[in-house]
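# Overview (structure and organization)
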Amino acid sequence: MAEALTIAPLISPPITQLDGALRKLGPETGLRCPKDTSLKGRPQGSVRGSKYHPDRLFIVTAIPRALLSALHATYLLLQLYGETRMRRTFFAAAGLALLTTASVQAQTFKSELHDLRVVSVVDGLKDPWSIAFLPNGDMLITEKPGNLRIVRAGKLDPAPIPGTPKVRYAGQGGLLEVLPHRDFAKNQIVYLSYSKPNADASEGTTAVLRAKFDGKQLSEVKEIFEAKAWSKAGPHYAGKLLLDGKGHLFITVGDRGHDPFAGAAHPAQNLMSHQGKVIRLMEDGSIPKDNPFVGRKDALPEIYSYGHRNPQGLAMHPVSGDIFTTEHGPQGGDELNLIKPGLNYGWPVIGAGVQYGGKPIHPAREKDGMQSAIQYWVPSIAPSGLMFYTGDKFPKWQGQLFVGALASKNVARLDLQAVDGGGYEVKALERPPLLSGLGRVRELRQGPDGLIYIALDDRAGGGLTSIFRVEPATATN
Ligand SMILES: [Ca+2]
């Protein structure tokens, strides 16, 4: 039986603080699992290799990431290198990083248009993935292992909300987005997306359910979408949700990590698959009659657009109502796209990235009949969480687009302007990006108070994490 290999990003960014002994692998980027790596002893038999990328250290192990604790990862790393001096340095760096995670104080950041302070508002979360606000100000948070949490009047209820679905918590899968209906105050409806397991959890797909939430528990839970995207693979569920206020629910589905070298035969290009698609349903889960492929025998009617890789950002322009995604590219080639019905966004036929390790995937960046991105990021920032700011706390940010970034650990601010012909261009992109060094930004949402709330990704190895609030630096306690 093939071993399940896990790539575990270790605590970051201690690489710069580490002893030179650790650098002997060289400053290579990209990830691979070197079978020939000489591992002294290997008493656990579980370390398979390691790689820098470029400020983080990855180790490849046969242990599922969910079971790999920070200490365990450190121990495995020590087995890998086994040098006393490195050991002391690494423990010091790891300890410092964990301490920072556990007790984050207010931090201040300069930016081009506003000075910011960032405070931790909810602590002790496990793998938070999305944030949503209810009309009364309560905050809902999904945790990837499967829990839906609620913060009432600023206090996290220690008990998860009952009634959530069973999830396939492996790889990038788990409980993903929570989204209350725009008329939640009247109808109490919430939507949840998740990675749904098959009977023995050997495969998973992206699914969406609709339920009523009375403030305490979910009821009338009904699955309204199960993607034709079943796979044994762990990555690329996407799972972002958006209500456009015109009766539609948008859902992103990733390509499930299918072979990027499949070209036009890739399922993201196949209209009979939901892999690598943006889906549009009615709010009750039925299929809109005016969806672009309705009535075609060679296409699934839920599909709104195709040729996507892993769109983990989804937002609607506050004035025009246009829909945007951000999506993860491979190594390089992250994208911001304007989503229009029936169009092909090119993955994996066109793009700006290369396979991890450097092998070319795309013959070109553009092709007739395929949509080019509004913005590419090379190298990748790993975009996750996307929002237009419409509040009054940061007046100079009105109408601007914010992109959370996992890999670059910051937030990109884009001044997006409409151009003739119905498109958009990026007039300005703030450099250096906002909140540099805060951490791996998984989600960002505007709160009802006009402040911005950020969920930081789990610290590698299972360290609990927090929700942060971004305020004007002049705000008083
Ligand atoms: Ca594309």
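Residues numbered from 1 in each chain as written. Predicted model: local features only at pLDDT ≥ 70, side-chain atom pairs only at ≥ 80, totals over all residues.

## A short note on the overall build of the protein chain
A count of helices and strands for the protein chain gives three helices and 28 strands. Out of the 477 residues belonging to the protein chain, those deemed buried represent 45%. Long-range contacts, defined here as pairs at least 24 residues apart, represent 60% of the contacts in the protein chain between residues at least 6 apart. (Helix = DSSP H or I, 4+ residues; strand = E, 2+ residues; numbered from the N terminus. Buried ≥ 20, exposed ≤ 12 C-beta atoms within 10 Å, placed from the backbone. Contact = placed C-beta atoms within 7 Å.)

## Quick word on the sheet that holds strand E23 (residues 401-405)
Here four strands make up an open sheet; going across it, the order is E22-E23-E24-E25 and the pairing antiparallel. A strand with exactly one partner marks an edge of an open sheet, and here the two such strands are strand E22 (383-388) and strand E25 (424-429). Across the sheet, the mean angle from the axis of one strand to that of its neighbour is 30°, orientation sign disregarded. As judged from the five bridges shared by strand E24 (residues 410-418) and E25, these two strands associate in the antiparallel manner. Bridge pairing links Gln417 to Glu425 in E25. (Pairing = 2+ DSSP bridges. Axes fitted to C-alpha atoms, helices over the stretch in contact; angles between N-to-C directions.)

## A word on unusual backbone geometry
For the bond running from Trp347 to Pro348, omega is -5°, close enough to zero to count as cis. For Pro348, the position within the fold is in the loop between strand E20 (334-339) and strand E21 (375-377). In this model, Val378 is joined to Pro379 through a cis peptide bond whose omega is 5°. Mapping Pro379 onto the fold places it in the loop between E21 and E22. Phi angles above zero are rare outside glycine, and Ala238 is one such case at about 55°. Mapped onto the elements of the fold, Ala238 is located in the loop between strand E13 (218-226) and strand E14 (241-243). Classification of Ala238 as buried rests on a count of 33 C-beta atoms within 10 Å.

## Overview of the nonpolar core
One recurring pattern in soluble globular proteins is that nonpolar side chains are buried together. In terms of nonpolar packing, the biggest core is built from 88 residues, with Phe250 and Ile454 touching the most fellow members. In this view, Phe250 contacts Leu241, Leu242, Asp244, Val278, Ile279, Arg280, Tyr304, Leu314 and Ile323; residues no more than four positions away in its chain are not counted. (Core = buried A, V, L, I, M, F, W, Y, C linked by C-beta atoms within 7 Å.)

## Topic: the pairing of strand E6 (residues 128-133)
With five of its six residues buried, E6 lies for the most part within the structure. Where E6 meets strand E7 (residues 139-143), five bridges bridge the pair, whose relative direction is antiparallel. Within E7, the position partnered with Ile131 by the bridge is Ile141. Adjacent in sequence and paired antiparallel, E6 and E7 are bridged by five residues, among which Gly137 carries a positive phi angle near 95°.

## Quick look at the sheet that holds strand E5 (residues 116-125)
The strand order across the open sheet formed by five strands is E4-E5-E28-E27-E26, and the pairing between neighbours is antiparallel. Looking along the sheet, the strands with just one partner apiece sit at the ends: strand E4 (107-109) and strand E26 (441-446). Between one strand axis and the next, the sheet turns through 25° on average, direction left out of account. With seven bridges connecting them, E5 and strand E28 (residues 465-472) associate as antiparallel partners. Counted as the bridge partner of Val118 is Val470 from E28.

## Thoughts on the pairing of strand E19 (residues 323-327)
Regular strands place side chains that alternate from one sheet face to the opposite one. The element E19 is largely enclosed, with a buried count of five among its five residues. With burial as the criterion, each face of E19 is covered, one bearing Ile323, Thr325 and Glu327 and the other bearing Phe324 and Thr326. Relative to E19, strand E18 (residues 313-316) runs antiparallel, the two being bridged by four bridges. Bridge pairing in E19 links Leu314 to Thr325. Hairpin connection between E18 and E19: a loop of six residues separates the two successive antiparallel strands, and Gly321 in this loop has a positive phi of roughly 80°. Pairing geometry for E19 and E20, over five bridges, is antiparallel. The residue of E20 that forms the bridge with Thr325 is Asn337. Count of turn residues in the E19/E20 antiparallel hairpin: six residues, of which Gly332 carries a positive phi of about 80°.

## Topic: the environment of Gln331
Turning to its location among the elements, Gln331 is positioned in the loop between E19 and E20. Its 19 C-beta neighbours within 10 Å are what place Gln331 among the partly exposed residues.

## Focus on the environment of Tyr191
If you trace the backbone, Tyr191 turns up in strand E11 (residues 189-197). Take Tyr191: there are 23 C-beta atoms within 10 Å of it, and that puts it in the buried class. In this structure the C-alpha to C-alpha distance between Tyr191 and Ile224, which are 33 residues apart in sequence, comes to 9.4 Å. Leaving out residues up to four positions away in the same chain, Tyr191 has contacts with Leu179, Val208, Arg210, Leu241 and Leu249.

## Side note on the confidence of the model for the protein chain
Caution applies to low-pLDDT parts of the model: their predicted coordinates are not meant to be read in detail. Taken residue by residue, the protein chain gives an average pLDDT of 83. The fraction at 70 or more is 76%. Ignoring residues within four places in sequence, the model shows residues 1-46, a span with pLDDT below 50, making 104 contacts including any to other chains. Taken as a whole, residues 51-56 scores under 50 in pLDDT and shows 25 contacts with residues more than four places along the chain or in a different chain. (pLDDT = per-residue confidence, 0-100.)

## Focus: the environment of Gly307
Positionally, Gly307 belongs in the loop between strand E17 (303-306) and E18. For Gly307 and Gln275, which are 32 residues apart along the polypeptide, the C-alpha to C-alpha distance reads 8.7 Å. If we ignore the near neighbours within four places in the chain, the residues touching Gly307 are Ala268, Gln269, Gly276, Asn344, Tyr345, Gly346, Trp347 and Met370.

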